[in-house]
Amino acid sequence: MLSDAVPALRCPVCQGSFVLRGAAPFSLGCVAGHNFDAAKQGYFNLLTGKGTVFEADTAEMVAARNDFLGAGHYAPLAEAIAELAAPVLAAPGSLVLDSGTGTGHYLRTVLDRTPAAAIGIDISKFALRRAARLNPGAINLVWDVWRPLPLADHAADAIIVVFAPRNPPEFARVLRPGGRMIVVTPRNGHLGEIAERTGMLGIEPGKDERLAESMQEFFTLADTIQLDVDLKLDGRDIADVAFMGPAGHHLERSALLASTAAETSVHATAKFTLSVFIAAEQGS
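Here's what I pulled together on the structure shown here. Throughout this document, residue positions are counted from 1 along each chain, in the order its sequence is written. With pLDDT at 70 or above as the cut-off, local features in this predicted model cover only qualifying residues; side-chain atom pairs require 80 or more to be listed or tallied, and sums for whole chains, interfaces and linings still use all residues. With hydrogens and water stripped out, all remaining heavy atoms of the structure feed into the side-chain values.

**Observations regarding unusual backbone geometry**
- Phi is positive for His-154, which is not a glycine, with a value near 55°.
- Secondary structure elements are taken from DSSP: a helix is a run of H or I of four residues or more, a strand is a run of E of two residues or more, and numbering for both begins at the N terminus. Tracing the backbone through its elements, the reader meets His-154 in the loop between strand E7 (139-142) and strand E8 (156-162).
- When a residue's accessible area, from a 1.4 Å probe over protein chains only, is under 20% of the maximum for its type it is buried; when over 50% it is exposed; and in between it is partly exposed. By relative accessible area, His-154 is classed as partly exposed at 37%.
- Despite not being glycine, Leu-191 shows a phi value in the positive range, around 50°.
- Residue position: Leu-191 is located in the loop between strand E9 (175-186) and helix H7 (192-198).
- Relative accessible area serves as the criterion here: at 0%, Leu-191 is assigned to the buried category.

See the structure below:
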């Protein structure tokens, strides 16, 4: 339920605890009197001050992602994430943070397999509108991951980060000792059959090594899993997968659809790395 995740939240203004007030659309209020009303679509915007300089995904990019993921193309990835998260989310009262939740697709699979409460954060209000519909029992927040997270220390049992920015010090602060963080990144050759001709951004060499290096001060790398998913895509699928990622900020959707319209059955391979990090035990 929505209320199950509220004790983990902290007010971004005063760091006080929240209570959930009213009926849908709800309000989050702290003891100091700072209130944040839910949008009519069900998500909360906790950003204060100047907001963020981070470029949020557009409504068109989010729609493309929703269509592509909804077609089940990345279902094996969602199942792998859920399997890795499940051991630390089995107990009642456990909490998962989905940082960069997007449309909530991967979090939905985790929640289907565990009793955990959930918080999803993203900078795109267009993504969170869909996430709130898909995961109405989760707290969905507009938030900038580069800011201190609006969560209490050691509040989360698991964190999932799928193709999203990472803030290691803050993730370490909010993850309980012994908790688990699952980070998903694309591997070299990801969708190589279609990437270049659709304008998708390439994978930087040494990406996985840099990820491990950035995390080593705060986490122990427990496991690295390479997952390949064979795909059969039509023209609309190709346009969607190209447009739903970072390249979507620079591509024209109409041009993509026109260039892929004649495609009916293209084989491509999605190549992922799932890195499992364990939070350091207190005193270690």
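**Notes on the environment of Ala-56**
- When you line up the elements, Ala-56 lands in the loop between strand E4 (44-45) and helix H2 (59-70).
- For Ala-56, a relative accessible area of 27% gives the class partly exposed.
- Residues Ala-56 and Leu-84 lie 28 residues apart in sequence; the distance between their C-alpha atoms is 28 Å.
- Note on definitions: a residue-residue contact is assigned when non-hydrogen atoms from the two residues lie within 4.5 Å. Look past the residues within four positions of Ala-56 in its chain and what remains in contact with it is Ile-123, Ser-124 and His-249.

**A word on the pairing of strand E6 (residues 117-122)**
- In terms of burial, E6 is a largely internal element, six of the six residues being buried.
- Taking every second residue as pointing to the same face, both faces of E6 are buried, with Ala-117, Ile-119 and Ile-121 on one and Ala-118, Gly-120 and Asp-122 on the other.
- Two strands qualify as a pair provided that DSSP identifies no fewer than 2 bridges between them. Looking at chain direction, strand E5 (residues 95-99) and E6 are connected through five bridges and run parallel. Note on E6: the bridge partner recorded for Leu-95 is Ala-117.
- Taken together, E5, helix H4 (residues 105-113) and E6 constitute a β-α-β crossover, and its handedness is right-handed.
- Relative to E7, E6 is paired through four bridges, and the arrangement is parallel. In the strand pairing of E7, Ile-119 is matched with Ile-139.
- Handedness of the crossover is the feature at issue here: the chain leaves E6, passes through helix H5 (residues 125-134), returns alongside E7, and the resulting connection is right-handed. Throughout, right-handed denotes a crossover for which the path from the first strand over the helix to the second runs clockwise when the strands point away from the viewer.

**Observations regarding the pattern of salt bridges**
- Salt bridges, as used here, are contacts in which a Lys or Arg side-chain nitrogen is within 4 Å of a carboxyl oxygen on Asp or Glu. The tally for this structure, following the rule as stated, stands at eleven salt bridges.
- In this structure, the salt-bridge partner of Asp-67 is Arg-236, at a minimum N-O distance of 3.6 Å. Taken together, the positions of Asp-67 in helix H2 and Arg-236 in helix H9 (residues 235-243) put the pair 169 residues apart, joining distant regions of the chain.
- When the shortest N-O distance is used, the salt bridge between Arg-187 and Asp-228 registers 2.9 Å. Highlighted residues: Arg-187 in the loop between E9 and H7 and Asp-228 in strand E10 (residues 219-233), separated in sequence by 41 residues.
- Residue Arg-187 is classed as buried on the basis of its relative accessible area, which comes to 13%.

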